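Structural overview for review
One letter stands for each residue in the lines below.
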Amino acid sequence: MKAYHLIKNGSSKTAFELRKINLAEPTKEQVQIEVEVFGLNFADVMARLGYYKACPPLPTVIGYDVVGRIIKLGNEVKDLKIGQRVIALTRFGGYSTHVNTSCYGVVAIEEETDAATATALATQYSTAYYAAEHSMNLHKGERVLIQAAAGGVGTALVQLAKRKDCIIYGTAGSNEKLEYLKKQGVDFPINYTENDFYDFIKDKIGEKSIDAIFDSIGGNYVKKALKLLAPCGRLAMYGAAQIAGDSDKKSLIRQLKTLFGFGKYRPTQFFGNSQAIIGVNMLQVGDYKPYILKKCMTEVVDLYNRGEIKPVVSKVFDAKDLAEAHEYLQKRKSVGKLVCKW
Ligand SMILES: NC(=O)c1ccc[n+]([C@@H]2O[C@H](COP(=O)([O-])OP(=O)(O)OC[C@H]3O[C@@H](n4cnc5c(N)ncnc54)[C@H](OP(=O)(O)O)[C@@H]3O)[C@@H](O)[C@H]2O)c1
């Protein structure tokens, strides 16, 4: 058994080391999985750069999602079986050949399901599903703004909003990504390196015109987006990618800029306009409402099996090229999901 350990914050080239591990027996509500592939998530980049508060002290094994086979079961796990092929949300520990994780973050998949594709279902699609269905309750015909829409969670949100016949404004950072968004059915793709998303939408349909906003960038993006929010609108905040910048060095200035960029709000302004800002953090969902996490994961697997959602895999790296995969994600080259294969 072995795992890539995060040993040092900073550049991906010096951050990881492959080490042997001795995994304990799974506890009563855990399963042990032999891993085929593990996924990358932007939170992993934040953890590597030292921005992720929930990350355990180094050295540690990060990684949120795996696809593999159950090889051991805790004695209170009733809905899963040894030998089943599963997706799992691992809450760290994913960059590993074997992992123990809570049964609430594990759902069986069909034998023939492509492993890399299925990895996207565990974290990115479940996060998008929780945000779009549980928190935001998207309705048919609503106008929706999705930031970083070509990313892993972004692609999932686009597909879930399309299912509801929403009108989608989606941002991305390059013209290649814009082509991808068009193919995904985004009605108004916006290259936010060329056009300010706020000006673009204001000129087209005016302020107070968007019913649901999904933000993973944070700071002044949220402040500007709120001006576009319609009465009865909702804004889900689930990330702050802006903090990462484009450097491997941690920057207090960028952290403060992002923090102050959010601006100040009064509860009465939301009450008066019947609006809401909703925070989404799947770690908290897993810790405090594990049955909701399980429900989201089960429902995305059902949607996938029925062909209603189609995860897009950007690239499959060999696990030994983990540093390269991290760089690829941090440098904003990926569309959809990035995966490493053992
Ligand atoms: N709260 C939760 O429970 C939860 C769960 C999963 C993910 N998330 C968050 O959701 C977001 C998306 O996650 P993901 O794993 O699907 O990643 P991703 O969207 O596939 O990759 C991140 C994308 O963010 C955009 N971006 C904007 N500013 C950036 C910056 N300074 N540095 C790098 N990228 C930047 C880039 O797209 P463009 O080139 O188009 O700008 C990049 O491709 C992340 O913020 C992540 O932390 C939160």
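Residues numbered from 1 in each chain as written. Predicted model: local features only at pLDDT ≥ 70, side-chain atom pairs only at ≥ 80, totals over all residues. Heavy atoms only, no water.

With that settled, consider the domain arrangement of the protein. You can read the domains of the protein as domain 1 (2-121 + 290-341) and domain 2 (139-280). Its C-alpha centre places domain 1 at a distance of 26 Å from the equivalent point of domain 2. In this assembly, 20 residues from domain 1 lie in contact with 23 residues from domain 2. Taken together, both faces of the contact between domain 1 and domain 2 bury some 1,600 Å²; the carbon and sulfur share is 54%. The largest contributions to the domain 1 side of the interface with domain 2 come from Tyr-51, Arg-332 and Val-335, which together make up 31% of the buried area. Summed over the shared surface of domain 1 and domain 2, the number is two salt bridges. Among the salt bridges present, the one from Asp-248 reaches Arg-48, with a minimum N-O distance of 3.6 Å. Our enumeration of links across domain 1 and domain 2 arrives at nine residue pairs in polar contact (both at pLDDT 80 or more). In terms of residues, the side of domain 1 that touches domain 2 owes the most to one element, helix 2 (residues 42-49), which gives four residues. Partitioning the side of domain 1 that touches domain 2 into residue classes produces nine nonpolar, six polar and five charged. (Domains from an automatic or database assignment. Contact = heavy atoms within 4.5 Å. Buried area = accessible area lost by both parts, 1.4 Å probe. Salt bridge = Lys/Arg side-chain N within 4 Å of Asp/Glu carboxyl O. Polar contact = N/O pair within 3.5 Å; in protein donor to acceptor, adjacent residues only side chain to side chain. Helix = DSSP H or I, 4+ residues; strand = E, 2+ residues; numbered from the N terminus. Nonpolar A, V, L, I, M, F, W, Y, C, P; charged D, E, K, R; others polar.)

Moving on to unusual backbone geometry. Here Leu-58 and Pro-59 are connected by a cis peptide whose omega angle stands at -5°. Within the element layout of this structure, Pro-59 appears in the loop between helix 2 and strand 4 (65-73). Of note, Ala-148 is a non-glycine position whose phi angle comes to about 50°, a positive value. In this structure, Ala-148 sits in the loop between strand 8 (143-146) and helix 4 (152-163). Residue Ala-148 is classed as partly exposed on the basis of its relative accessible area of 23%. If you check the backbone angles, Arg-332 has positive phi at about 65° while not being a glycine. (Buried < 20%, exposed > 50% of the residue type's maximum accessible area, 1.4 Å probe, protein only.)

In the region of the ligand, 25 residues are neighbours, and Gly-173, Lys-177, Tyr-192, Val-280 and Met-282 sit closest. At 2.8 Å, a backbone N or O of Phe-42 approaches an oxygen atom of the ligand. Taking Ala-241, its main chain carries an N or O atom lying 3.2 Å from a nitrogen atom of the ligand. Burial of the ligand by the protein amounts to 92% of the accessible area it has alone, namely 900 Å². Contributing elements (two or more residues each) for the shell around the ligand: helix 3 (115-135), helix 4 and helix 12 (322-330). Of the residues contributing to the shell around the ligand, the split by class is 11 nonpolar, 12 polar and two charged. Residues lining the shell around the ligand come from more than one domain, with at least three contributed by each of domain 1 (2-121 + 290-341) and domain 2 (139-280). (Near = heavy atom within 4 Å. Areas by Shrake-Rupley, 256 points an atom, 1.4 Å probe, with all protein chains shown as cover.)

A word on the sheet that holds strand 8. Spatially, six strands are ordered 10-9-8-11-12-13 in an open sheet, and the strand pairing comes out parallel. Where the open sheet ends on each side, the last strands, each with one partner, are strand 10 (188-191) and strand 13 (276-279). On average, each strand axis in the sheet is tilted by 15° relative to the strand beside it, whichever way the strands run. Inspection of the sheet shows strand 8 paired to strand 11 (residues 210-215) by three bridges, in the parallel sense. Within strand 11, the position partnered with Leu-145 by the bridge is Ile-213. (Pairing = 2+ DSSP bridges. Axes fitted to C-alpha atoms, helices over the stretch in contact; angles between N-to-C directions.)

Quick look at the side chain of Arg-234 now. Residue position: Arg-234 is located in strand 12 (residues 229-237). Taking the relative accessible area as the measure of exposure, Arg-234 reaches 12% and is therefore buried. Within polar-contact distance, the side chain of Arg-234 engages the backbone oxygen of Met-136 at 2.7 Å. Sequence-distant contacts of Arg-234, defined by excluding residues within four places in its chain, comprise Met-136, Asn-137, Leu-138, His-139, Glu-142, Asp-211, Ala-212, Ile-213, Leu-229, Ala-276 and Ile-278.

Grouped together as the largest cluster of nonpolar side chains are 97 residues, with contacts concentrated most on Ile-33, Phe-38, Leu-40, Ile-87, Tyr-95, Leu-138 and Phe-214. In terms of residue count, helix 3 provides more of this core than any other element does, 12 residues in total. There are two domains that each give this core at least three residues, and those are domain 1 (2-121 + 290-341) and domain 2 (139-280). (Core = buried A, V, L, I, M, F, W, Y, C linked by side-chain atoms within 4.5 Å.)

Next up on the list: a nonpolar patch on the surface. Taken together, the side chains of Leu-252, Leu-256, Leu-259 and Phe-260 define a hydrophobic patch exposed on the protein surface, amounting to about 450 Å² of accessible area. Following the sequence through the fold, Leu-259 ends up in helix 8 (residues 252-261). You can call Leu-259 exposed: its relative accessible area is 53%. (Patch = residues over 30% accessible without salt bridge, like charges linked within 9 Å, V, L, I, M, F, W, Y side chains within 5 Å.)

Before going further, it helps to spend a moment on the packing of aromatic side chains. By the definition in use, this model includes 12 aromatic pairs. Judged by centre distance (6.1 Å) and plane angle (65°), the rings of Tyr-265 and Phe-270 are edge-to-face. Look at Tyr-265 and you get partly exposed, because its relative accessible area is 29%. By relative accessible area, Phe-270 is classed as buried at 12%. By way of ring pairs, the aromatic residues Tyr-4, Phe-16, Phe-38, Tyr-95 and Trp-342 are connected into one cluster. Above the plane of the ring of Tyr-198 lies Lys-227, whose end atom (NZ or CZ) is 4.8 Å from the centre. (Phe/Tyr/Trp six-rings, centres within 6.5 Å; stacked < 30°, edge-to-face > 60°. Lys NZ or Arg CZ within 6 Å of the ring centre and 35° of its normal.)

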